[in-house]
Amino acid sequence: MTDKKARMGDVARLSGLSRSTVDRVLNGRAGVRSETVRRVEDAMRALGYAPSSLSAHRVLQDQTVAMVLPQGTNPFFDVIHAGLQSAMAQDAYLGAKFHVHRFDAYAPDTMLPVLRDLPDDTDAVLLVGVDNDLVTREITALWRRGIRVVTIVSDAPQARRFAYVGQDNFAAGRTAARLLAAMIPPGQGEVALLLGHLQFRHLLDRMSGFRQALGTARPDLTVIQPPAYGSDPEMTRSVVADLSSRGGRLRGAYLAGGGQPELITAISESQIDQLRVIGHEVTPATRQALEKEKFQAVLAHNMFDVATRGLDIALGRRDPQDGRCAIDIFVRDNLPN
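In this report, we go over the structure that sits alongside the text. As the structure is a computational prediction, the values presented were derived from the model and not from experiment.

1. Regarding the layout of surface pockets
And step 1. Reported here for the largest pocket is a volume of approximately 240 Å³.
And step 2. The wall of the largest pocket is formed by 15 residues, among which Val79, Val282, Arg287, His301 and Pro336 lie closest to the centre.
And step 3. If you list the elements that add at least two residues to the lining of the largest pocket, you get helix H5 (76-88), helix H12 (284-291) and strand E11 (328-330).
And step 4. A breakdown of the residues in the lining of the largest pocket according to their chemical character gives 8 nonpolar, 4 polar and 3 charged.
And step 5. Each pocket or cavity is described by its volume, and for the second largest pocket that value is around 170 Å³.
And step 6. Residue lining of the second largest pocket: 13 residues in total, with Ser270, Ile272, Gln274, Leu275 and Lys294 positioned closest to the centre.
And step 7. Counting only elements with at least two residues in the lining of the second largest pocket, the list comes to helix H11 (261-269) and strand E9 (276-280).
And step 8. Of the residues assigned to the lining of the second largest pocket, the class counts are 4 nonpolar, 5 polar and 4 charged.

Put into structure tokens, the structure is as follows:
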């Protein structure tokens, strides 16, 4: 076979179908019977078109993808959902069926019944991975059912997932450490490592990467890690009060994840002098903090890219090894519109 471009007229003549029907098959449009797809594919093979030509035009009408997404007070959850919605609206996915399910980000066990109750006609699942043994078992159970699981943003490497799509979060933590190391003048001091909770694997990876890189680059800085603040306003206030009490000793902060607007606002309004802050993701709260120069930078996902890669891999249209996404760095001067 060759990679020559398919001529629709030739495919139509050999398959005995109209050009418009062949066009619908090649572009994956809805309402095409599987027998019709088979006739077009047989004709293409007979004409010597490469398998890549067939896979590039796979009909999607019989594929169902479930999306299991976190919900809660962290605005990044809305960014994830919006990125997937934008990706699903592309013509490339016409005919595929998508079902969105939500779970409580601060109670990962709420993901379990969603995974257990997925119908048998589910072909693939996109989910934000959590560091939870019970969830790991359910993902493996889906693998045994023949359902491809693609983790996005946060991985679940201990489970039989099909692929991971997102940043290298260990590298993201190291990147944040190197940025802070360059921003903070030489001298003894403290850097706060702030996490909303410890349930998501990507937060643990960022934490490890940050500690490793900052310890190497700036041994004069001590990492302090207040308790995870979750979505509890009282805990959030307690964390900020503790940071404020450290005065000039506190020279930097890394919000590794769980970026609650209340915490970001409180840090932005604190009177801690010359505090250098790195956060994650562009949300209304982090945007405002950057514009006011209370944050110096945020590391971010391009969620449209994550969503498109995730859907392509879940639908068998992209190599499962092609899931690594760039770490975008935004400062006040290059914020996206």
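Let us keep going from here.
2. Concerning the nonpolar core
And step 1. Core analysis: the largest hydrophobic core is formed by 68 residues, its most contacted members being Ile80, Leu84, Leu115, Val125, Leu126, Ile152 and Phe210.
And step 2. For Val125, the contacting residues outside a window of four places in its chain are Ala66, Val68, Leu118, Leu142, Ile147, Arg148, Val149 and Val150.
And step 3. Of all hydrophobic cores here, the second largest spans 24 residues; its members include Leu263, Ile264, Phe295 and Leu335.

3. Details of the packing of H11 against H12
And step 1. The contact between H11 and H12 brings their axes to 9 Å, and the two run at 15 degrees. When the axis of H11 is compared with that of H12, the two are roughly parallel. Crossing of H11 against H12: the hand is left-handed. For the pair formed by H11 and H12, the contact residues are Pro261, Ile264 and Ser268 on the first element and Ala285, Thr286 and Ala289 on the second.
And step 2. Considered class by class, the residues forming the contact of H11 with H12 number 4 nonpolar, 2 polar and no charged.

Thresholds, definitions, all that
- Once a new chain begins, its residue numbering starts again from 1 and follows that chain's sequence as written.
- Totals for whole chains, interfaces and linings use all residues, but because this is a predicted model, local features are given only for residues with pLDDT of at least 70 and pairs of side-chain atoms are given and counted only at 80 or more.
- As a convention, hydrogens and water are excluded, and side-chain values are obtained from all of the structure's heavy atoms.
- Only protein atoms enter the 1 Å grid used here, on which a cavity is any set of points holding a 1.4 Å probe that cannot leave and a pocket is any open set flanked by protein within 12 Å on both sides along at least five of seven lines; residues with an atom within 4 Å of a point are listed as lining.
- Grid points are joined across faces, edges and corners, and a volume is the space filled by probe spheres set on the points.
- Here a strand is any run of E in DSSP of at least two residues, a helix any run of H or I of at least four, and the numbering for each starts at the N terminus.
- We call Asp, Glu, Lys and Arg charged. Ala, Val, Leu, Ile, Met, Phe, Trp, Tyr, Cys and Pro are nonpolar, and the rest, Gly among them, are polar.
- The criterion is simple. A nonpolar core is a set of buried Ala, Val, Leu, Ile, Met, Phe, Trp, Tyr and Cys residues joined through side-chain atoms within 4.5 Å.
- Each residue's exposure class comes from its accessible area (1.4 Å probe, protein chains only) as a fraction of the maximum for that residue type: buried when under 20%, exposed when over 50%, partly exposed otherwise.
- Two residues qualify as a contact provided that any one of their heavy atoms is within 4.5 Å of a heavy atom in the partner residue.
- Orientation is described by axes fitted as lines to C-alpha atoms, over the contacting stretch for helices, and by angles from 0 to 180 degrees between their N-to-C directions.
- Any angle from 65 to 115 degrees is called roughly perpendicular, while one under 35 is roughly parallel, one over 145 is roughly antiparallel, and all others are oblique.
- In this scheme, a crossing is called left-handed if the near helix is turned counterclockwise away from the far one by less than a right angle; it is called right-handed if the turn is clockwise.

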